[in-house]
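# Coordinates in review
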Amino acid sequence: MNKKNRAFLKWAGGKYNLIEPITALLPDGNKLVEPFVGAGSVFLNTDYPNYVLNDVNPDLIALFKTIKRRPQTFIHDARKLFHANTNNDEAYYALRREFNATTDPYRRSLLFLYLNRHGYNGLCRYNRSGQFNVPFGSYRKPYFPEPEIEFFASKAQRAVFTCMSFEKVFRRARKGDVIYCDPPYAPLTATANFTAYATAGFSLDQQHELARRAANAAHKRGIPVLISNHDTELTRLLYADADLKSLQVARFISPKADGRTKVAELLALYSSKPRAANVIPLTQAKRKVAP
């Protein structure tokens with residue numbers, strides 16, 4: 001693709017700026033399978049015949065399904081939420097309360113887009129009770145992404161959307177598929193608190209299980225897998241039998257200007273031939289990164 005396509009959602013860790021190195025490594029296949037689709041930048045900038053796009057966030061998948069089925073109706077109704085009278089803290093918190101209270105999937109989809117574009121930094125965060133709790137973003141005029149929604153809706157006709165664990169997605173993959181994984185990233189430092197990290201939904205055990213399933217899919221089932229993650233000692237241990245590519249990526253790691261920095265990103269490609277004998281055992285990985 002010559003023109004890069006942006007996702008219609010703002011998304012922490014989105015892959016728009018990494019499209020070129022990711023697509024350069026992705027093999028050809030009949031179907032691209034994404035267990036952690038997020039806002040869908042890789043989906044939007046590749047050209048596979050078919051896609052399986054998965055995420056464990058049911059609000060995100062419900063939104064994608066709604067746009068696939070009813071794009072023009074959705075655009076018409078969502079635009080009503082992008083006006084000056086809804087761009088203030090009082091309106092935002094009222095609509096956030098409505099989102100948390102309603103069980104109507106269509107209304108939740110409309111409000112999810114509103115909250116994404118009006119909330120702080122486009123974050124998607126829920127508390128332990130499952131309530132969306134991102135504060136108001138105070139933007140002068142939030143962008144209504146009509147052309148991006150239309151492009152997504154058109155491309156989505158090739159896609160099946162699912163909401164399940166990554167383990168189930170791997171089990172359903174078949175030879176001829178290609179899997180791209182953009183999981184919640186491993187901590188940047190070896191001394192990070194894994195218990196706290198796990199509350200965000202992805203533990204060290206799950207990081208290891210993802211690496212194990214990627215190796216198994218590639219080496220035993222002939223399904224290539226590409227994983228993106230932070231480039232750390234831990235991830236290099238976990239992806240020991242993949243071909244690794246490291247690159248520097250600009251990240252906003254704090255709201256202050258001096259929090260803008262470049263961090264190392266790792267792309268791990270599992271193909272039919274293992275680079276090493278096995279994925280490193282989890283106990284050894286823990287021992288290696290222990291303070």
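These figures come from a predicted structure and were not determined experimentally.

Bringing the pattern of salt bridges into the picture now. Using the criterion set out here, one finds 10 salt bridges in the structure. The partner of E146 in a salt bridge is R79, with the nearest N and O atoms 2.5 Å apart. Remark: R79 occurs in helix 4 (residues 71–79) and E146 occurs in helix 7 (residues 146–155); sequence separation between them is 67 residues. On the basis of relative accessibility, which here comes to 31%, the residue R79 falls in the partly exposed class. Linked through salt bridges whose partners overlap, the residues forming this network are E209, R212 and R213.

Let us now look at the side chain of D59. Looking at where D59 falls in the secondary structure, it is placed in helix 3 (residues 58–69). Only 2.8 Å separates the side chain of D59 from the side chain of Y126, close enough to count as a polar contact. Those residues within four positions of D59 in sequence are excluded, and the remaining contacts are F99, R108, F112 and Y126.

Counting 53 residues, the largest nonpolar core has F8, L9, L26, F64, F74, L113 and F152 as its most contacted members. With 7 residues, the top contributor of residues to this core is helix 6 (residues 105–118). Ignoring anything within four residues of it in the chain, the contact list for F152 reads F8, A39, F43, L44, F64, I67 and F161. Ranked by size, the runner-up nonpolar core spans 29 residues in total, among them F166, C181, L266 and Y270.

What follows deals with the environment of D182. With respect to the element layout, D182 can be found in the loop between strand 4 (177–181) and helix 9 (194–198). Residue contacts for D182: discarding those within four places in its chain leaves G13, K15, F36 and S228. One polar contact links D182 to Y185, side chain to side chain, over a distance of 3.5 Å.

What follows deals with the environment of G176. Following the sequence through the fold, G176 ends up in the loop between helix 8 (166–172) and strand 4. Residue class for G176 comes out partly exposed when judged on its relative accessible area of 24%. Measuring from C-alpha to C-alpha, the distance between G176 and D28 comes to 8.7 Å, with 148 residues separating the pair along the chain. Excluding its chain neighbours within four sequence positions, the residues that come into contact with G176 are G29, N30 and K31.

The axes of two packed helices give the description: the angle between them and the distance between them. One can describe the packing of helix 4 onto helix 6 by two numbers: an axis separation of 10 Å at closest approach and a directional angle of 60°. By the criterion of interaxial angle, the relationship of helix 4 to helix 6 is oblique. Note that helix 4 runs across helix 6; the crossing there is right-handed. Taking contact as the criterion, the partners of T73, F74, D77 and A78 in helix 4 are, on helix 6, Y106, S109, L110 and L113. Across the contact of helix 4 with helix 6, the residue classes break down as 5 nonpolar, 2 polar and 1 charged.

Working note: non-glycine residues mostly have negative phi, and peptide bonds are mostly trans. Positive phi is not limited to glycine here, since N121 has a value of about 60°. Along the chain, N121 turns up in the loop between helix 6 and helix 7. Residue N121 is classed as partly exposed on the basis of its relative accessible area, which comes to 44%. Backbone geometry places S138, a non-glycine residue, at a positive phi of 55°. As for its placement among the helices and strands, S138 is situated in the loop between helix 6 and helix 7.

Attention shifts here to the UniProt feature "binding site: S-adenosyl-L-methionine" (unreviewed entry) in the protein chain. Following the UniProt record, one finds the feature "binding site: S-adenosyl-L-methionine" (unreviewed entry) at W11, K15, D55 and D182. As for its placement among the helices and strands, W11 is situated in the segment before helix 1 (19–25).

Thresholds applied
Residues numbered from 1 in each chain as written. Predicted model: local features only at pLDDT ≥ 70, side-chain atom pairs only at ≥ 80, totals over all residues. Heavy atoms only, no water. Salt bridge = Lys/Arg side-chain N within 4 Å of Asp/Glu carboxyl O. Helix = DSSP H or I, 4+ residues; strand = E, 2+ residues; numbered from the N terminus. Buried < 20%, exposed > 50% of the residue type's maximum accessible area, 1.4 Å probe, protein only. Polar contact = N/O pair within 3.5 Å; in protein donor to acceptor, adjacent residues only side chain to side chain. Contact = heavy atoms within 4.5 Å. Core = buried A, V, L, I, M, F, W, Y, C linked by side-chain atoms within 4.5 Å. Axes fitted to C-alpha atoms, helices over the stretch in contact; angles between N-to-C directions. Parallel < 35°, antiparallel > 145°, perpendicular 65-115°, else oblique. Left-handed = near helix turned anticlockwise from the far one by under 90°. Nonpolar A, V, L, I, M, F, W, Y, C, P; charged D, E, K, R; others polar. UniProt positions renumbered as here; feature names shortened; annotations may be inferred.

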